[in-house]
Amino acid sequence: MVSKQVKGLLLWGSLVVVGWLLALFWVPPDQSQGEVYRILYLHVPVSFAAFFSAGVLCWHSIQALIKPNVGALLSQRAAVEVGLVFTILTLATGSIWGKPTWGVWWTWDARVTTTLILAVLFASYLIFYDAIPSELGRMKTCSILGIVIAADIPIIYKSVNWWRTLHQPQTIIRSGGASMSSEMLYLLIYCAITMLVFGFWLIRQRRHTLILSKQLEEQQLSQFS
C-alpha cells in the first residue's frame, strides 16, 4: 500500500515536472536571451520557495520567543533544512543562467551575494542548533537567528533596485506591469505556486520526521534511565 508521503511526493513532484516540460516545449524563446532563459522557470520558483521557507522560519521563531515550545523549534529546523536546499538550488541555477548571459559562472553581484549570505545563515542556524546543548538556550538563540535570516529576504528582493548590479531588474512585480508576455507570465506563476506548495509539503514532512525522531530518542533514554 502506497503511503501518504509517497502519494504526496508523486502528486507535487508531478505538478512541478509538468511546469518544467511546458517551459521546455510550450513557451517561445525569449527575444533577447533565446533558449537559455527557460531556466527561469526553475530558478525563480526555487528562489521563491527559499524565501517562503525563511518566512515559515520567522513565524515559528517569533512563536518560540513568545511562548517557548519544542514544536516551534522543530518547525524552525524543518524550514531551515528545506530552505537551505532551495537556496543552494537558487545559486546553482543562477550560475548556470549567468554563464551564457554574463560570461562568468560567478560574480559578486548584489543579489547573488545577498543570496549567498542567506545560504550561509541557514547553514549557521544548523550549526548553532547542534552545538547548543541546552534546549532553552538553543530555542532562544536559534529563534533570534531565524528572525535575522528572514530579514535578509527583503534585502535580496530589493538589491537590484538599491545597488548597481548585473542582475536583471524585477520583471513581475514592478510599476508598469510585468515585462513578460502573458503565456510566459502565466507559466511562471504556475511554476512558482507549485514549487511553493511543494516546499510547504516538504517542510511539513520533515517536521513530522523530526518529531518522530525526538519521540524515539526520548523512549530510548527512558528505557536506560
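Values in this document were obtained by computation on a predicted structure and should not be read as measured data. (Residues numbered from 1 in each chain as written. Predicted model: local features only at pLDDT ≥ 70, side-chain atom pairs only at ≥ 80, totals over all residues. Heavy atoms only, no water.)

Visitor: Help me understand the overall build of the protein in this model?
Guide: Summing up its helical and strand segments, the protein has six helices and zero strands in all. Helices and strands appear in the protein in the N-to-C order α-α-α-α-α-α. Within the protein, the proportion of its 225 residues that are buried is 41%. When the accessible surface of the protein is totalled, it reaches about 12600 Å², and 69% of it is carbon and sulfur. (Helix = DSSP H or I, 4+ residues; strand = E, 2+ residues; numbered from the N terminus. Buried < 20%, exposed > 50% of the residue type's maximum accessible area, 1.4 Å probe, protein only. Areas by Shrake-Rupley, 256 points an atom, 1.4 Å probe, with all protein chains shown as cover.)

Visitor: Explain the nonpolar core here, please?
Guide: Where a protein is soluble and globular, its nonpolar side chains tend to be buried together. Counting residues in hydrophobic clusters, the biggest one holds 37 residues, and the most contacted among them are Leu57, Phe86, Leu118, Phe122, Tyr125, Ile149 and Met195. Counting residues per element, the ones that place at least two in this core are α2 (40–66), α3 (70–102), α4 (110–131), α5 (135–162) and α6 (182–224). It is α3 that contributes the most residues to this core, ten residues altogether. If near-sequence neighbours (up to four positions away) are discounted, Leu118 is found in contact with Phe51, Thr87, Ile149, Asp152, Ile153 and Ile156. (Core = buried A, V, L, I, M, F, W, Y, C linked by side-chain atoms within 4.5 Å. Contact = heavy atoms within 4.5 Å.)

Visitor: Help me understand the pattern of salt bridges in this model?
Guide: When the charged atoms of two side chains with opposite charge come close together, those side chains can pair. This structure, assessed with the given rule, holds four salt bridges. For Asp130, the salt bridge goes to Arg77, with nearest N and O atoms at 2.9 Å. Of this pair, Asp130 sits in helix α4 while Arg77 sits in helix α3, placing them 53 residues apart in sequence. Residue Arg77 is classed as buried on the basis of its relative accessible area of 14%. We note a salt bridge from Arg206 to Glu81, for which the minimum N-O separation is 2.4 Å. Here Arg206, found in helix α6, pairs with Glu81, found in helix α3; they are 125 residues apart in sequence, far enough to count as distant. Using a relative accessible area of 17% as the deciding quantity, one classes Glu81 as buried. (Salt bridge = Lys/Arg side-chain N within 4 Å of Asp/Glu carboxyl O.)

Visitor: Got a minute to help me understand the confidence of the model for the protein in this structure?
Guide: Fine structural detail should not be taken from predicted coordinates in areas where pLDDT scores are low. Model confidence for the protein is summarised by a mean pLDDT of 85, while 88% of its residues fall at 70 or above. In the model of the protein, helix α1 (residues 4–25) stands out as the element of lowest mean pLDDT, 79, in contrast to α2, which has the highest, 94. (pLDDT = per-residue confidence, 0-100.)

Visitor: Got a minute to help me understand empty space enclosed by the protein in this structure?
Guide: With a probe scaled to a water molecule rolled over the atoms, the places where space remains empty come into view. This model, assessed by the stated rule, comprises one cavity of 30 Å³ or more. In this structure, the largest cavity is lined by Val16, Gly19, Trp20, Tyr41, Pro45, Cys191, Thr194 and Met195. Contributing elements (two or more residues each) for the lining of the largest cavity: α1, α2 and α6. When grouped by side-chain class, the residues that make up the lining of the largest cavity number six nonpolar, two polar and no charged. (1 Å grid on protein atoms, 1.4 Å probe; cavity = no way out; pocket = protein on both sides within 12 Å on 5 of 7 lines; lining within 4 Å. Points joined across faces, edges and corners; volume = space filled by probe spheres on them. Nonpolar A, V, L, I, M, F, W, Y, C, P; charged D, E, K, R; others polar.)

Visitor: Hey, could you run me through α4 in this one?
Guide: Turn by turn, an α-helix covers 3.6 residues, leaving residues three or four places apart pointing in a common direction. The terminal C-alpha atoms of α4, which comprises 22 residues, lie 31 Å apart, in line with the 32 Å expected from a rise of 1.5 Å per residue. Residues of α4 that are buried include every one of Ala110, Arg111, Val112, Thr114, Thr115, Leu118, Ala119, Leu121, Phe122, Tyr125, Leu126 and Tyr129, and no others. As for α4, its buried residues are in contact with α2, α3 and α5. (Expected span 1.5 Å × (residues − 1).)

Visitor: It is not clear to me how the packing of α3 against α4 should be interpreted in this structure. Could you clarify?
Guide: Geometrically, a packed helix pair is captured by the angle between its two axes and the distance between the axes. The contact between α3 and α4 brings their axes to 9 Å, and the two run at 150°. Relative to α4, the element α3 lies roughly antiparallel. The interaxial crossing formed by α3 with α4 has left-handed handedness. Note on element contacts: α4 touches α3 through Val112, Thr115, Leu116, Leu118, Ala119, Phe122, Ala123, Tyr125, Leu126, Tyr129 and Asp130, opposite Leu73, Leu74, Gln76, Arg77, Val80, Glu81, Gly83, Leu84, Thr87, Thr90, Leu91 and Trp102. Residues belonging to the contact of α3 with α4 are distributed by class as follows: 15 nonpolar, five polar and three charged. (Axes fitted to C-alpha atoms, helices over the stretch in contact; angles between N-to-C directions. Parallel < 35°, antiparallel > 145°, perpendicular 65-115°, else oblique. Left-handed = near helix turned anticlockwise from the far one by under 90°.)

Visitor: Please explain a nonpolar patch on the surface as it appears in this structure.
Guide: Together, Ile62, Leu65, Ile66, Ile144, Ile147 and Val148 make up a nonpolar patch on the protein surface, roughly 520 Å² of accessible area in all. For the nonpolar patch, the elements supplying multiple residues, two or more each, are α2 and α5. Its place among the elements puts Ile62 in helix α2. Residue class for Ile62 comes out partly exposed when judged on its relative accessible area of 36%. (Patch = residues over 30% accessible without salt bridge, like charges linked within 9 Å, V, L, I, M, F, W, Y side chains within 5 Å.)

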